[in-house]
Amino acid sequence: MTRISQRSLSLFIAAALAVAAPAVVLAQAAPAPADATAAPAGSPSQLVLSNSTRILATLESRRAEFQKDRGALRDFVASEFNNMFDRDYSARLVLGVHGRGASDADVKVFADALADSLMQRYGSSLLDLNSKLKVRVKSETPLRGGAIVKVSSEYLRQGNEPVPVDYLMRKVGTQWKVFDVMVEGVSFVQTFRNQFDAPLKQKSIPQVAADIKAGKLQAQAAAN
């Protein structure tokens, strides 16, 4: 079974945050590099680029504060992550066949438990992430007649190979929301679906969510 490295989880959280900022904040983001200027304002790719730049800059400027006050880091992560990541839709995909016919309430309980577990276990690993990474958007590809968009990007590391990060996004009302992130080709929806398939065969969705919340079940990261 595919395992997630802790570095990839850090990038996943950073990548999820990258599209989680309110659109009003985009005006405060750092200027986009020249190779991304073709992306229309408000497009999925521009959203990824602008917010990636802003999030990494915030991690750098507030690093000392976050190192001293992990509560401030958790609040920052939670407020950014919750705003635009489509947690419930993503959770339905993670549940797979086990989510068919599940109530919205049960899916939300599972989504909240999984997100909270990830943030509690790996949110602090953002402090180990090189916040001087540069982000380059490579392409924006419409799928399913434009209902879904795949934004392909790279996190550029000085002296190292770029890390490919792809986003799957869908429009909910007038807002683009991310529901899956793929770091180095690893889909986190698919990975978590594989991890929680066995428990969901034995227990109900609320029971598995309770086990995740209690720490009895966790999204597993492989050692780097």
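The present account deals with the structure reproduced in this document.

Take the overall build of the protein next. In terms of regular secondary structure, the protein is built from eight helices and seven strands. Taken across its 224 residues, the protein has 50% of its residues classed as buried. Taking contacts inside the protein between residues at least 6 apart in sequence as the whole, the part at least 24 apart equals 61%. For the protein, the exposed surface amounts to about 10900 Å²; the carbon and sulfur share of it is 49%.

Among the nine residues in strand β3 (residues 148-156), seven count as buried, and that is most of the element. Direction of pairing for β3 relative to strand β4 (residues 163-172): antiparallel, over a ladder of eight bridges. Each residue of the ladder has a partner; that of S152, found in β4, is D166. Here β3 folds back onto β4 in antiparallel fashion, the turn holding six residues, of which G159 has a positive phi close to 80°.

Bridge count between β4 and strand β5 (residues 175-183): eight bridges; the pairing is antiparallel. Bridging from a neighbouring strand, D166 pairs with M182 of β5. Where β4 folds back onto β5 in an antiparallel hairpin, the turn is made up of two residues, including G173, whose phi is positive at roughly 70°.

For helix α8 (residues 205-214), the full list of buried residues reads I205, V208, A209, D211 and I212. Looking straight down α8, one finds its buried side chains confined to an arc of 160°; they lie on one side. The exposed set on the far side of α8, more than 90 degrees from its buried face, consists of K213 and A214. Directly after α8, the chain includes G215, whose backbone phi takes a positive value near 85°.

If you check helix α7 (residues 188-202), its first and last C-alpha atoms are 22 Å apart, about what 15 residues at 1.5 Å a residue would give, namely 21 Å. The largest bend along α7 reaches roughly 45° and is located at F196, with the proline P199 sitting one to four residues downstream. Every buried residue of α7 is listed here: F188, V189, T191, F192, Q195, F196, P199 and L200. The N-capping residue of α7, defined by a side-chain oxygen 3.4 Å from the backbone nitrogen of V189, is S187.

A separate point is unusual backbone geometry. At R144, a residue that is not glycine, the phi angle is positive and equals roughly 50°. Its relative accessible area of 69% is what places R144 among the exposed residues. Positive phi outside glycine occurs at E184, with the angle close to 55°.

This brings us to the packing of aromatic side chains. Under the criterion given, the structure shown has four aromatic pairs. Ring geometry for Y89 and F179: centres 5.1 Å apart, planes at 90°, overall edge-to-face. Here Y89, found in helix α5 (residues 87-95), pairs with F179, found in strand β5; they are 90 residues apart in sequence, far enough to count as distant. Owing to a relative accessible area of 23%, Y89 belongs among the partly exposed residues under this scheme. We note R170 situated over the ring of Y89; from NZ or CZ to the ring centre the distance is 3.8 Å.

A separate point is the pattern of salt bridges. All told, the structure shown has 11 salt bridges when counted by the stated rule. Here D86 and R170 are joined by a salt bridge, their closest N and O atoms 2.9 Å apart. In this pair, D86 is assigned in the loop between α4 (70-84) and α5 and R170 in strand β4, connecting sequence segments 84 residues apart. On the basis of relative accessible area, R170 is assigned to the partly exposed category, the value being 25%. Within this structure, R87, K108 and D112 form a network of salt bridges that share partners.

So, how was this worked out
- Residues numbered from 1 in each chain as written.
- Predicted model: local features only at pLDDT ≥ 70, side-chain atom pairs only at ≥ 80, totals over all residues.
- Heavy atoms only, no water.
- Helix = DSSP H or I, 4+ residues; strand = E, 2+ residues; numbered from the N terminus.
- Buried < 20%, exposed > 50% of the residue type's maximum accessible area, 1.4 Å probe, protein only.
- Contact = heavy atoms within 4.5 Å.
- Areas by Shrake-Rupley, 256 points an atom, 1.4 Å probe, with all protein chains shown as cover.
- Pairing = 2+ DSSP bridges.
- Arc of directions from axis to C-beta.
- Expected span 1.5 Å × (residues − 1).
- Bend = angle between axes of the 7 residues up to and from the residue.
- Polar contact = N/O pair within 3.5 Å; in protein donor to acceptor, adjacent residues only side chain to side chain.
- Phe/Tyr/Trp six-rings, centres within 6.5 Å; stacked < 30°, edge-to-face > 60°.
- Lys NZ or Arg CZ within 6 Å of the ring centre and 35° of its normal.
- Salt bridge = Lys/Arg side-chain N within 4 Å of Asp/Glu carboxyl O.

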